[in-house]
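# Inside the fold
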Amino acid sequence: MNNLVLKKSSYLVPYWSKQHGAYITLIVSWLIAVLLSQDFSWMQPVILIFLLSSLNLTELLIESMIRKSPMTGRKKVWMLIYSLTSVSLAGLLAYYLKSLIYVLPVLSVFAIVFIFLAIRKQQKSILAEWITFAMFAIASLLAFNPEQGIVATKFLVLGLLMSAYFGQSIFLVKSRLKRLPNYMALIYSFAVIIILFSLFGIDAFTLMLSFLLIAKSLQILIWNDWYNKLKIKFVGMLEMGYHLLFLILLLVFSGSVLEYKIFFDACFT
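Residues numbered from 1 in each chain as written. Predicted model: local features only at pLDDT ≥ 70, side-chain atom pairs only at ≥ 80, totals over all residues. Heavy atoms only, no water.

### A short note on the packing of helix H2 (residues 20-36) against helix H11 (residues 232-252)
Here is the rule we go by: Lines fitted to C-alpha atoms define the axes, with helix axes restricted to the stretch in contact, and inter-axis angles between N-to-C directions lie between 0 and 180 degrees. Numbering of helices and strands runs from the N terminus; a helix is a DSSP stretch of H or I covering at least four residues, while a strand is a stretch of E covering at least two. For this classification, under 35 degrees means roughly parallel, over 145 means roughly antiparallel, 65 to 115 means roughly perpendicular, and everything else is oblique. Each helix crossing is assigned a hand: it is left-handed if the near helix lies turned anticlockwise from the far helix by less than a right angle, otherwise right-handed if that turn is clockwise. Residues count as neighbours in contact if any of their non-hydrogen atoms are within 4.5 Å of one another. Each residue receives one of three labels: charged for Asp, Glu, Lys and Arg, nonpolar for Ala, Val, Leu, Ile, Met, Phe, Trp, Tyr, Cys and Pro, and polar for the others, Gly being one of them.
Packing of H2 against H11 leaves a shortest axis separation of 10 Å and a crossing angle of 20°. Taken together, the axes of H2 and H11 are roughly parallel relative to one another. Remark: the crossing between H2 and H11 carries right-handed chirality. Residues Ile 24, Thr 25, Val 28, Leu 31, Ile 32, Leu 35 and Leu 36 of H2 touch H11, and the partners they reach there are Gly 236, Met 240, His 243, Phe 246, Leu 247, Leu 250 and Leu 251. A breakdown of the residues in the contact of H2 with H11 according to their chemical character gives eleven nonpolar, three polar and no charged.

Okay, structure coming up:
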């Protein structure tokens with residue numbers, strides 16, 4: 001009898017991914033969108049619930065596709081709960097959120113590509129993981145001025161900056177796991193910096209962001225032994241600290257960042 005009660009109670013415990021970095025990145029991205037918005041909207045917390053639910057649902061769907069043994073009852077229950085939550089909130093947001101009609105097709109394409117890679121057991125590839133971070137950034141921007149509708153150039157600038165910054169974490173994690181050389185994070189950083197300077201020019205924001213990217217990549221290159229000995233929770237705290245610095249940079253320089261003019265302007269003017 002006690003075992004039966006315990007089993008039933010376990011179904012009440014929500015399923016959460018073990019990829020804690022994904023939650024950190026998604027929440028920070030959403031927070032950036034909210035703090036850069038001109039006004040707070042009731043849709044913003046709803047968007048966060050929708051994003052977290054969709055993230056958990058996607059992971060459960062991929063697991064159900066690639067695993068050979070049956071899923072546990074608890075995971076099946078929560079896959080149903082996340083499905084209902086995601087679909088119902090998507091319907092609600094589609095009615096009120098003007099930008100969803102533009103963002104949803106992009107997210108759908110990213111999701112299809114990621115699921116295709118996952119089925120081919122390439123979900124841990126650099127491409128698949130970078131797509132994941134880009135999805136987090138773009139999806140979180142639904143919370144950016146949701147009442148006003150999408151401003152294409154601002155949306156694209158923020159999406160590009162956030163995708164490029166968060167994408168560096170892939171190289172740090174893979175270097176820590178000995179799947180990539182330690183210098184790959186620095187190479188990625190320099191590639192991003194060159195693109196930043198080419199698109200936005202050299203100013204206070206791009207210089208500060210460049211310093212942040214280089215500092216993150218040097219920690220595993222210069223202090224390799226120290227970094228690799230850190231426990232996962234401390235690595236997560238360190239990463240969260242860098243994410244907060246990135247958020248602060250965007251807030252401090254939001255005036256200039258949101259007014260960046262790049263080649264996308266030609267498509268929307």
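Read on, since the account is not over.
### Description of the pattern of salt bridges
Selection rule: Only one rule defines a salt bridge in this text: a Lys or Arg side-chain nitrogen within 4 Å of an Asp or Glu carboxyl oxygen. Each residue is assigned to one of three classes by its accessible area relative to the maximum for its type, calculated with a 1.4 Å probe on protein chains only: buried under 20%, partly exposed between the two thresholds, exposed over 50%.
Under the criterion given, the structure shown has two salt bridges. Across the pair Glu 129 and Lys 174 runs a salt bridge whose closest N-O atoms are separated by 3.7 Å. Of the two residues, Glu 129 is situated in helix H6 (residues 126-140) and Lys 174 in helix H7 (residues 152-176); the sequence distance between them amounts to 45 residues. Its relative accessible area of 7% is what places Lys 174 among the buried residues. Between Glu 239 and Lys 216 there is a salt bridge whose closest N-O contact spans 3.1 Å. Residue Glu 239 is found in helix H11, and its partner Lys 216 is found in helix H9 (residues 204-222); the two are separated by 23 residues along the sequence. Look at Glu 239 and you get buried, because its relative accessible area is 13%.

### Let's talk about a nonpolar patch on the surface
Our working definition: The patches described consist of residues with a relative accessible area above 30% and no salt bridge, like charges being joined within 9 Å and nonpolar side chains (Val, Leu, Ile, Met, Phe, Trp, Tyr) within 5 Å. Each accessible area is a Shrake-Rupley result for a 1.4 Å probe, and residues are judged covered by the shown protein chains and nothing else.
Residues Tyr 183, Ile 187, Leu 221, Ile 222, Trp 223 and Trp 226 make up a contiguous nonpolar surface patch of roughly 650 Å² in combined accessible area. Checked against the element boundaries, Trp 223 lands in the loop between H9 and helix H10 (224-229).

### Structural notes on the packing of aromatic side chains
In plain terms, the rule: Here the aromatic set is Phe, Tyr and Trp, taking the six-membered ring for Trp, and pairing holds for ring centres within 6.5 Å; pairs whose planes are under 30 degrees apart are stacked, those over 60 apart are edge-to-face, and all others are tilted.
Within the structure shown, the criterion is met by eleven aromatic pairs. Ring centres of Phe 133 and Phe 136 lie 6.3 Å apart, and the angle between their planes is 85°; this geometry places the pair in the edge-to-face category. Taken together, the residues span about one helical turn, with Phe 133 and Phe 136 both in helix H6 at a distance of three residues. Residue Phe 133 is classed as buried on the basis of its relative accessible area, which comes to 13%. The class of Phe 136 is buried, set by a relative accessible area of 8%. Every member of this aromatic cluster is reached through a ring pair, and the members are Phe 200, Phe 205, Phe 253 and Tyr 260.

### Side note on the environment of Tyr 227
Positionally, Tyr 227 belongs in helix H10. Since its relative accessible area comes to 3%, Tyr 227 is described here as buried. Among all residues touching Tyr 227, those that are not within four sequence positions of it are Leu 172, Arg 176, Gln 219, Ile 220, Val 235 and Leu 238.

### Things to note about the side chain of Thr 132
Mapped onto the elements of the fold, Thr 132 is located in helix H6. In this structure Thr 132 comes out as buried when scored by relative accessible area, which is 19%.

### Section: the environment of Leu 55
Following the sequence through the fold, Leu 55 ends up in helix H3 (residues 43-66). For the pair Leu 55 and Gly 201, spaced 146 residues apart in sequence, the C-alpha separation works out to 35 Å. The contact partners of Leu 55, leaving out residues within four places of it in the chain, are Ala 22, Tyr 23, Leu 26 and Phe 136.

### What to know about helix H8 (residues 184-200)
What counts here: Expected span of a helix: the number of residues minus one, times 1.5 Å. What the arc covers is the set of directions going from the helix axis to the C-beta atoms.
Taking 1.5 Å per residue, 17 residues should reach 24 Å; H8 reaches 24 Å between its end C-alpha atoms and fits that length. Within the span of H8, buried status applies to Ala 185, Leu 186, Tyr 188, Ser 189, Val 192, Ile 193, Leu 196 and Phe 200. Taken down its axis, H8 places every buried residue within 155° of arc, on the same side. Within H8, the exposed residues directed more than 90 degrees away from the buried face are Ile 194 and Ser 198. Where H8 is buried, its residues meet H6, H7 and H9. Directly beyond the C-terminal end of H8, a positive phi value near 85° is found at Gly 201.

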